[in-house]
Amino acid sequence: VDLSFLPMFALAIGPPIYRAGVRHNFGFPVGILALAAANALMHAEALGVSTGTAAIGVRAGVDLVALLVVVIGGRVTPAFTNNALRRTGITELARAPAWAERAAVPAFGLFFAFDLVLPGSLWSGGAALLAAIVLAARMSGWQTRRALGDPMLWSLHFGHGWVVLGLFALAAADLAAPWTRNVAVHALTAGAFGTMILAMMTRVALGHTGRPLVAPRSAVVAYVFVTIAALLRTAGVAAFPSDTLPMFLLGGLLWAGAFAAFLIGYVQILTGPRVDGGPG
């Protein structure tokens, strides 16, 4: 049952993407099938069919979702930032350096490859450091400072920023920093994934129901909770390793609380009619 979901999802979105001819989205069904393969590696070891594949599946799954954040976040964050800046009359728009834009996905792909075959090595650490530098350079032109006054924007910037921090932390762990790779993985999962998922859901739910793109209080609470949760599970654990369990527990409660805040604040938005009278 678990293995069936992702292939069925790819089958559901693949034909519409193909019919629409949106070439830059063709990779998403492929990525979803790759996630299904990573999931299968987990089940194979759990069932005794293979040995040592679960760890590969975990790393592949985390890196694949991080790649989605790099690709999608790299598109929508500067685009939404520019839309907001234009509305306020600011002409200095978000633009990444051209070299960093071109190198972002290949650099992350190089890290992905080494993380699969040589995790915890100088090779994976060096590749993580390279990817972190490239992604940080790409973000340097995104006008993040101007986005800090709008929760709908800074949540997107924070979500992508956690990928950068996670890669720097992975590089440090592989190159003999005093913390484990687990801390860095939490930067990607609790930090990047949690923040970007909430940032996109809260924004899309408003836009697709005809509402203005102004973060309600529940969304702001969700952003703050998920950010503190990720900080506890990364910086908190790195600074106070003897308190790892309490940090994990409190971080987990706050992370769950972030999604609970989203649910409470958005249930009416998601179940009611569009406020602009449009279909849906």
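Residues numbered from 1 in each chain as written. Predicted model: local features only at pLDDT ≥ 70, side-chain atom pairs only at ≥ 80, totals over all residues. Heavy atoms only, no water.

Moving on: the packing of aromatic side chains. The description of an aromatic ring pair rests on the distance of the ring centres and on the angle between the ring planes. One pass over the full model with this rule turns up eight aromatic pairs. Between the aromatic rings of Phe114 and Trp123, the centroid separation amounts to 5.6 Å while the plane-to-plane angle is 20°, which identifies the pairing as stacked. Ring centres of Trp154 and Phe158 lie 4.9 Å apart, and the angle between their planes is 50°; on these two criteria the pair is classed as tilted. Of the two residues, Trp154 and Phe158 are both situated in helix 7 (residues 151-174); the distance of four residues between them amounts to about one turn of the helix. With a relative accessible area of 31%, Phe158 lands in the partly exposed category. (Phe/Tyr/Trp six-rings, centres within 6.5 Å; stacked < 30°, edge-to-face > 60°. Helix = DSSP H or I, 4+ residues; strand = E, 2+ residues; numbered from the N terminus. Buried < 20%, exposed > 50% of the residue type's maximum accessible area, 1.4 Å probe, protein only.)

Turning to the pattern of salt bridges, a few remarks are in order. Going through the model one piece at a time under the given rule, you end up with five salt bridges. Residues Arg181 and Asp115 are paired through a salt bridge, measuring 2.7 Å at the closest nitrogen-oxygen approach. Of this pair, Arg181 sits in helix 8 (residues 181-207) while Asp115 sits in helix 4 (residues 98-117), placing them 66 residues apart in sequence. Residue classification places Asp115 among the buried positions, given a relative accessible area of 3%. Connected via shared salt-bridge partners are Asp115, Asp174 and Arg181. (Salt bridge = Lys/Arg side-chain N within 4 Å of Asp/Glu carboxyl O.)

For the rest of this paragraph, the subject is the environment of Gly191. Assignment of secondary structure puts Gly191 in helix 8. Sequence separation between Gly191 and Phe114 is 77 residues, and the spatial gap between their C-alpha atoms is 22 Å.

A few words now on the confidence of the model for the protein chain. Within the protein chain, residue pLDDT values average 94, and 100% of them lie at 70 or more. Taken element by element, the protein chain is modelled with least confidence in helix 6 (residues 144-147), mean pLDDT 92, and with most confidence in helix 5 (residues 122-139), mean pLDDT 97. (pLDDT = per-residue confidence, 0-100.)

Judged by nonpolar contacts, the single largest core of 34 residues is most densely connected at Phe108, Phe111, Leu135, Val163, Leu167 and Phe193. When residues of this core are traced back to their parent elements, those giving at least two are helix 3 (53-87), helix 4, helix 5, helix 7 and helix 8. (Core = buried A, V, L, I, M, F, W, Y, C linked by side-chain atoms within 4.5 Å.)

Tracing the chain through its elements places Ser50 in the loop between helix 2 (27-46) and helix 3. At a separation of 3.5 Å, a polar atom in the side chain of Ser50 contacts the main-chain amide nitrogen of Glu45. A distance of 2.7 Å separates the side chain of Ser50 from the side chain of Thr53, its partner in a polar contact. (Polar contact = N/O pair within 3.5 Å; in protein donor to acceptor, adjacent residues only side chain to side chain.)

By the element assignment, Asp174 lies in helix 7. Residue class for Asp174 comes out buried when judged on its relative accessible area of 8%.

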